[in-house]
Amino acid sequence: MTQDARFAAIDLGSNSFHLIIASVKRDGSYRILSRHRQKVRLADGFNSQLEVSEAAIQRGIECLQSFADKLKNISAERVRCVATATLRKAINRAQILPRFEQALGHSIDIISGECEAELIYQGATQHLINSNKAVLVLDIGGASTEIIVGKGTQPQHLVSLDMGCVTWQNRFFPAKAISHDACEQAITAAGSLIRPHAEQFVQAGWQHVSGASGTFRALHDMNARYEQLPMSETWLRDVLARAISLGHVKKLGQLGIRRDRQAVFVGGLCILIALVEHLNIQHVNIAEGALREGLLINMLTRPNF
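Since the structure is predicted, the reported quantities are computational estimates derived from the model, not experimental observations. (Residues numbered from 1 in each chain as written. Predicted model: local features only at pLDDT ≥ 70, side-chain atom pairs only at ≥ 80, totals over all residues. Heavy atoms only, no water.)

Caption draft 1: Highlighting the overall build of the protein chain. Each helix and strand in the protein chain was counted, giving 11 helices and 10 strands. Computed over C-alpha atoms, the radius of gyration of the protein chain comes to 19 Å, within 12% of the 19 Å expected from 2.2 N^0.38 for 305 residues, which places it in the range of a compact globule. Along the three orthogonal principal directions, the C-alpha set of the protein chain runs to about 55 × 45 × 35 Å. Expressed as a percentage of the 305 residues in the protein chain, the buried residues total 52%. For the protein chain, contacts bridging at least 24 residues in sequence account for 68% of all contacts bridging at least 6. (Helix = DSSP H or I, 4+ residues; strand = E, 2+ residues; numbered from the N terminus. Rg over C-alpha atoms; globule rule 2.2 N^0.38 Å. Buried < 20%, exposed > 50% of the residue type's maximum accessible area, 1.4 Å probe, protein only. Contact = heavy atoms within 4.5 Å.)

As structure tokens, this is what we get:
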């Protein structure tokens, strides 16, 4: 890709849609020109047959139409859009995809969980390009959770699990009440999905853990604002206890949780607690990037750009 060329990466997540517009720097890396995020809650539209509702589809279309306006001066070959777990699972994805593509004005790739995990790892470890440090990367999305271990920027083992902050919130906290029993059920259910994979990740000998999704950002921002404590199992359990004492999603602002994260916060927190417990994680750091940054890196290294 020529220097100063603009390009765009779009991530149609199960909770939020993200757009990054960037340009190429002289050294071949990229410079972020703008970031755009919209809470679409696509996975919130699932019914029991995994059909996405028309209301959720319309939210997606409206978001993609707004993204299309920002892409008008970027050539099509420099735009890449990927969709993740919700469109992987949706039984009506064949009807949704062309409507989304028409709204965006660009093609959309529905990527596998493994491809998603690889891109997340690339985005989260971009600062380790000259390092051989062993890293564990966690990403709690709206409808899937990715666990990846690798060295430097090279993933070595990964898994995509069928759970996310939106689906867990809807499954265990449908009335938005936060109770001890519901939280323990959510943690136990998450643990049952993690357990078959835990040993291989624990034995990988990673030295650093990075969290690359909205759940980690919400906790990081909350922690930085109030306590600045390590994001450990003890601290996460304390946050959960405080959420339970509040008793309802609408009160989570009292913990310093942003309004746009409150609706799915406890679902994501329960999954994270299960990850920390089953993978013997001492503390988690916030990642440098995530899926959309991984897309940018992938685009830069492709020979036809």
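Caption draft 2: Summary view of the nonpolar core. F100, L136, L138, L252, V266 and L279 are the most contacted members of the largest nonpolar core, which has 87 residues in total. For this core, the leading source of residues is helix α10 (residues 265-278), giving 10 residues. The contact partners of L252, leaving out residues within four places of it in the chain, are I178, A243, L246, I257, Q262, F265 and V266. In terms of nonpolar packing, the next biggest core, distinct from the first, is built from 25 residues, F7, I111, V135 and L291 among them. (Core = buried A, V, L, I, M, F, W, Y, C linked by side-chain atoms within 4.5 Å.)

Caption draft 3: Quick peek at the sheet that holds strand β1 (residues 6-12). Pairing within the open sheet is mixed, and its five strands lie in the order β3-β2-β1-β4-β5. In the strand order of this sheet, the two ends are held by β3 (30-39) and β5 (109-110), each with one partner. The sheet contact formed by strand β2 (residues 16-24) and β3 spans nine bridges and is antiparallel. Note on β3: the bridge partner recorded for I20 is R35. Each of β1, β2 and β3 touches helix α1 (residues 54-70); the most contacted strand, β2, lies at about 15° to it. Helix α11 (residues 291-301) rests against β1, β2, β3 and β4 (79-83) of the sheet, and its axis sits at about 140° to β1. (Pairing = 2+ DSSP bridges. Axes fitted to C-alpha atoms, helices over the stretch in contact; angles between N-to-C directions.)

Caption draft 4: Spotlight on the pattern of salt bridges. In this structure the tally under the stated criterion is 15 salt bridges. Across the salt bridge formed by E116 and R88, the nearest N and O atoms sit 2.9 Å from each other. In this pair, E116 is assigned in helix α4 (residues 113-124) and R88 in helix α2 (residues 85-89), connecting sequence segments 28 residues apart. Taking the shortest distance from any N to any O, the salt bridge between R258 and D260 comes out at 2.8 Å. On the accessibility criterion, R258 (33% relative accessible area) is partly exposed. (Salt bridge = Lys/Arg side-chain N within 4 Å of Asp/Glu carboxyl O.)

Caption draft 5: Layout of the sheet that holds strand β9 (residues 208-211). If you walk across this open sheet you meet the five strands as β8-β7-β6-β9-β10, and the pairing is mixed. Each end of this open sheet is capped by a strand with a single partner; those strands are β8 (154-161) and β10 (285-286). Two elements, strand β6 (residues 134-140) and β9, share four bridges in a ladder whose sense is parallel. Residue pairing for β9: V137 is matched across the bridge by S210.

Caption draft 6: Geometry of the pairing of β8. Looking at chain direction, strand β7 (residues 145-151) and β8 are connected through seven bridges and run antiparallel. Bridge pairing in β8 places I148 opposite L158. Connecting the antiparallel pair β7 and β8 is a turn made up of two residues, with G152 showing a positive phi of about 60°.

Caption draft 7: Fine view of the environment of A124. One can find A124 in helix α4. Other than its neighbours up to four places away in sequence, A124 contacts V137, A212, A287, E288, G289 and A290.

Caption draft 8: Looking closely at α11. Counted residue by residue, α11 has eight buried out of 11 residues, so it is predominantly covered. Within α11 the residues assigned to the buried category are L291, R292, E293, G294, L295, L296, M299 and L300. Here the buried face of α11 lies against β1, β2, β3, β4 and α4.

Caption draft 9: Expanded view of the packing of helix α7 (residues 214-226) against helix α8 (residues 233-246). With their axes 13 Å apart at the nearest point, α7 and α8 run at an angle of 90° to one another. In terms of orientation, α7 lies roughly perpendicular with respect to α8. Contact with α7, carried on its side by L219, M222 and N223, involves W235, L236, V239 and R242 of α8 and no other residues of that element. For the contact of α7 with α8, the per-class residue count stands at five nonpolar, one polar and one charged. (Parallel < 35°, antiparallel > 145°, perpendicular 65-115°, else oblique. Nonpolar A, V, L, I, M, F, W, Y, C, P; charged D, E, K, R; others polar.)

Caption draft 10: Quick peek at the packing of aromatic side chains. Counted according to the given criterion, the structure contains two aromatic pairs. Both rings, one in F17 and one in F100, keep their centres 6.1 Å apart while their planes meet at 80°; by these two values the pair is edge-to-face. Pair noted here: F17 is in strand β2 and F100 is in helix α3 (residues 93-104), with a separation of 83 residues, a long-range link. Overall, the relative accessible area of 0% leaves F17 in the buried class. (Phe/Tyr/Trp six-rings, centres within 6.5 Å; stacked < 30°, edge-to-face > 60°.)

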